[in-house]
Amino acid sequence: SIIFQEKLWGLIACHHYAPRTVDYSLREACRYIGQLISGYLSFRSADETILLTQQQIQMKTEFLNELGLEW
C-alpha cells in the first residue's frame, strides 16, 4: 500500500493468470518499496509547498515595489 497524508493513495498490485504464493522476503520487499514511494510523495508535496510559498512572497514583493511600498 502507498500511504499519503495518512490516507491510502494507491496500491502496488501484481496479477497473474494462476494463483501464486509469495514468500515473506518478497512481501517485505514490496512493503519497503511502498514505504519509499510514500516518503517520496511526502517529500515532493513539501517541496512544492515551499516553492509555491516562495513564488507568493516574490509576487507580493514585486506588487508592493510597483506601488512604492515595502513589506
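Quick caveat, the model's predicted, so the values are computed rather than measured. (Residues numbered from 1 in each chain as written. Predicted model: local features only at pLDDT ≥ 70, side-chain atom pairs only at ≥ 80, totals over all residues. Heavy atoms only, no water.)

1. A few points about a nonpolar patch on the surface
Our working rule: Like-charged residues within 9 Å of one another, or nonpolar side chains (Val, Leu, Ile, Met, Phe, Trp, Tyr) within 5 Å, are grouped into patches, provided each residue has over 30% relative accessible area and no salt bridge. Only the protein chains shown count as cover for residues, with accessible areas throughout obtained via the Shrake-Rupley method and a probe of 1.4 Å. Salt bridges, as used here, are contacts in which a Lys or Arg side-chain nitrogen is within 4 Å of a carboxyl oxygen on Asp or Glu. We count a stretch as a helix when DSSP gives it H or I for four or more residues in a row; a strand needs E for two or more, and each element gets its number in order from the N terminus. Exposure categories follow from relative accessible area, calculated using a 1.4 Å probe and restricted to protein chains: below 20% of the type maximum is buried, above 50% is exposed, and the middle band is partly exposed.
Taken together, the side chains of Ile3, Leu8 and Leu11 present a nonpolar region at the surface, about 310 Å² in accessible area. In this fold, Leu11 is placed in the loop between strand 2 (7–10) and helix 1 (24–66). When its relative accessible area of 62% is taken as the criterion, Leu11 is described as exposed.

2. Remarks on the pattern of salt bridges
Applying the stated criterion across every chain yields a total of 2 salt bridges. For the salt bridge of Glu28 with Arg31, the shortest nitrogen-to-oxygen distance reads 2.7 Å. Of this pair, Glu28 and Arg31 are both found in helix 1, 3 residues apart, which corresponds to roughly one turn of the helix. The class of Glu28 is partly exposed, set by a relative accessible area of 26%. Across the pair Glu48 and Arg44 runs a salt bridge, and its minimum N-O distance is 3.5 Å. Of this pair, Glu48 and Arg44 are both found in helix 1, 4 residues apart, which corresponds to roughly one turn of the helix. Taking relative accessible area as the criterion, Glu48 reaches 43% and is therefore assigned partly exposed. For Arg44, a relative accessible area of 35% puts it in the partly exposed group.

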